[in-house]
Amino acid sequence: MKKYLFSLVLISIIALGFFLRFWKLGYAPAGLYLDEAGQGYNAYSILKTGRDEFGMPFPAAFRSFNDFKTPVYVYLIAPLIPVFGLNTFSIRFPSFFFSVLTLPLLYFLVKQLNPRPARPAGGSTIYNLPSIATLLLAISPWHILFGRTNFECNVALFLLLLAYYLFLLALKKPWLLVVSAIFFAVALPAYHSERILVPLILLYLTVKYFKIITSPQYLKFSLLSLVIGILISIPTIRIISTPGFLARVSTLSIFGGTSWGPLEWPSLYLSYFSPRYLFWLGDSGPRSSFLDLSVLYLWQLPFFLHGLYLLFNSKTSSSLKQFIVLMLIISPIPASLTRDPFSTIRALPLVIPLNIICALSITKLWGKISSTSTKVILTVSVLFYSLLKLYSSGYLLNEYYRAAYWDYGWQQVAKVINNELDPNLPIVVDNARNEPYSQLLVFLKPDPTIYQKENFEVSNQDYYTYMSRNTTKKIGRLTTRGINWVKDTKISQYLIGDGLAISFQQIKDNNLTLIKEINYPDGSPAYRITKTNPL
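Everything numeric here is computed off the predicted structure, so don't read it as measured data.

Novice: Looking at this structure, I do not really get the overall build of the chain. What am I missing?
Specialist: Helix and strand content of the chain: 25 helices and eight strands. Taken along the three principal axes of its C-alpha coordinates, the chain extends 85 × 55 × 50 Å. Here the chain holds 535 residues, and 55% of them are scored as buried. Taking the intrachain contacts of the chain between residues at least 6 apart in sequence as the baseline, contacts between residues at least 24 apart amount to 75%. Side-chain charges in the chain split into 47 positive and 26 negative, and the spacing between the mean points of these groups amounts to 15 Å.

Novice: Mind showing me how you'd approach the pairing of strand E6 (residues 494-498) here?
Specialist: Two faces make up the sheet, and in a regular strand the side chains alternate between them. The buried count for E6 comes to five of five residues, which makes it a mostly enclosed element. Summarising the sheet, strand E3 (residues 427-429) and E6 pair through three bridges and their orientation is parallel. Residue Val 428 lies in a different strand from E6, and its bridge partner there is Leu 495. Here five bridges tie E6 to strand E8 (residues 525-531), and the two strands are oriented antiparallel to one another. The residue bridging Ile 496 from the neighbouring strand is Ile 529, located in E8.

Novice: What is the right way to look at unusual backbone geometry in this model?
Specialist: Backbone phi values are negative for most residues with the exception of glycine, while trans is the configuration of most peptide bonds. Following Ala 28, the chain continues into Pro 29 via a peptide bond in cis, with omega recorded as 5°. Looking at where Pro 29 falls in the secondary structure, it is placed in the loop between helix H1 (2-22) and helix H2 (34-49). Of note, the phi angle at Lys 24 is positive, near 60°, even though the residue is not glycine. Mapped onto the secondary structure, Lys 24 falls in the loop between H1 and H2. Phi is positive for Phe 58, which is not a glycine, with a value near 40°. Mapping Phe 58 onto the fold places it in the loop between H2 and strand E1 (62-64).

Novice: Just to check I follow, could you spell out the environment of Gln 39 for this structure?
Specialist: Relative to the helices and strands, Gln 39 is located in helix H2. The sequence separation of Gln 39 and Ser 140 amounts to 101 residues, and the corresponding C-alpha distance is 26 Å. Among all residues touching Gln 39, those that are not within four sequence positions of it are Lys 69, Thr 70, Tyr 73, Val 74, Ile 77, Asn 150 and Glu 152.

Quick notes on the rules
Residues numbered from 1 in each chain as written. Predicted model: local features only at pLDDT ≥ 70, side-chain atom pairs only at ≥ 80, totals over all residues. Heavy atoms only, no water. Helix = DSSP H or I, 4+ residues; strand = E, 2+ residues; numbered from the N terminus. Buried < 20%, exposed > 50% of the residue type's maximum accessible area, 1.4 Å probe, protein only. Contact = heavy atoms within 4.5 Å. Lys, Arg positive; Asp, Glu negative; His and termini not counted. Charge placed at Lys NZ, Arg CZ, Asp CG, Glu CD. Pairing = 2+ DSSP bridges.

Laid out in structure tokens, this is it:
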């Protein structure tokens, strides 16, 4: 009976996590940010032509604006397009999928690290450590946000944890070392943070288990793992010294020649352990946080503090303790090397040890409550509060106030272009403040072969080294560039821009006809579609 109860509880937790990540997937957050759209169209281009939007065959890093995106996520989107189409849902689906898979993975990882049942004497399996840690991750606003949007960090976290888990299993089944190496090698280029985390974790595991992995029984598998890991990493190794590969370092690093410097690193690193950020402020970025909700719920604070005490002053499994401490120490390192004071995107792996620490406390305190009904009431009350807070902040407030940060409105613009505008007239889309061409590529879906020819920018030989770019893009009859009011109003065409680019005063002064105004959910103007009336 207990076995079935255990399965039911785990399935229920995963189902809850699934629902919180899947509900309105592709619609909330409203809009499609330019980085998301860029990855989506590049996946579409790879699927149709075997080349990205710049004509590069199967890149090891995808050129995007003055940046280069990690490749794994793009290649995960490509096979989804024939099934779901090229849209916001398919672009965000890989992050959702691997976010959900992380839930059972965390359960089995904690169970592997802590083999003895960490539950109250005579208590239910509902309240054992792996179950509680998984439940906390299932309702984590930090993990949910990146599980509903196109962020490579969620996929990379899953690959990292899976590789770690397989390594632990390989201590009993040597051949799993090879499988672990494959996932470590794929995690390495999956996101920028993993470029630092993977080597550090491999160093830790190698030192800790050196005698085992070099023993006669393991040596051939260890050598094979090394060879396979290097072979998978060759595309990344080949470009590791190029300006493209180092673009993120040069633009974001505290060593990048700005007013920031190495002396700032300790304070940046320690900010990731600050209760002020963890429980109150969170990430200041409007796309990397929920409005009025931090990365951990406020009710978790006492459990976090108590869990820290238990971590170092109780009989916690040494393997689990070492894993928690390792992840606590290394997870903020990549993020702290950038100029952002608290970046939840780059420090996402930190969500794992933080929630396990809280679970240590909850598991311990649950043992002091003898009444099952009390446990149920407390559990339901905390879940109700957390889900209500998540719904109000993550769905209602976020949708209403932050749609502009997610570039809301371009899907509606594309619909007007396809259905309401004269197909014989040219279109100019203003890009003075933002570059909407990637969203227009997704929603208009031009032929990638034609688009590549019309927008040649860089040769394959200079793909990772030539860092200049052309901001003017041509998509059939549509061109994205700044509006020239003197010249553009002398031609019969459509002009599209935001409320600043095309104000009502400009419409009046330039004798434009307002065709359509696209508004944000709060009613403020997002974009205006106008037609010129040359004399």
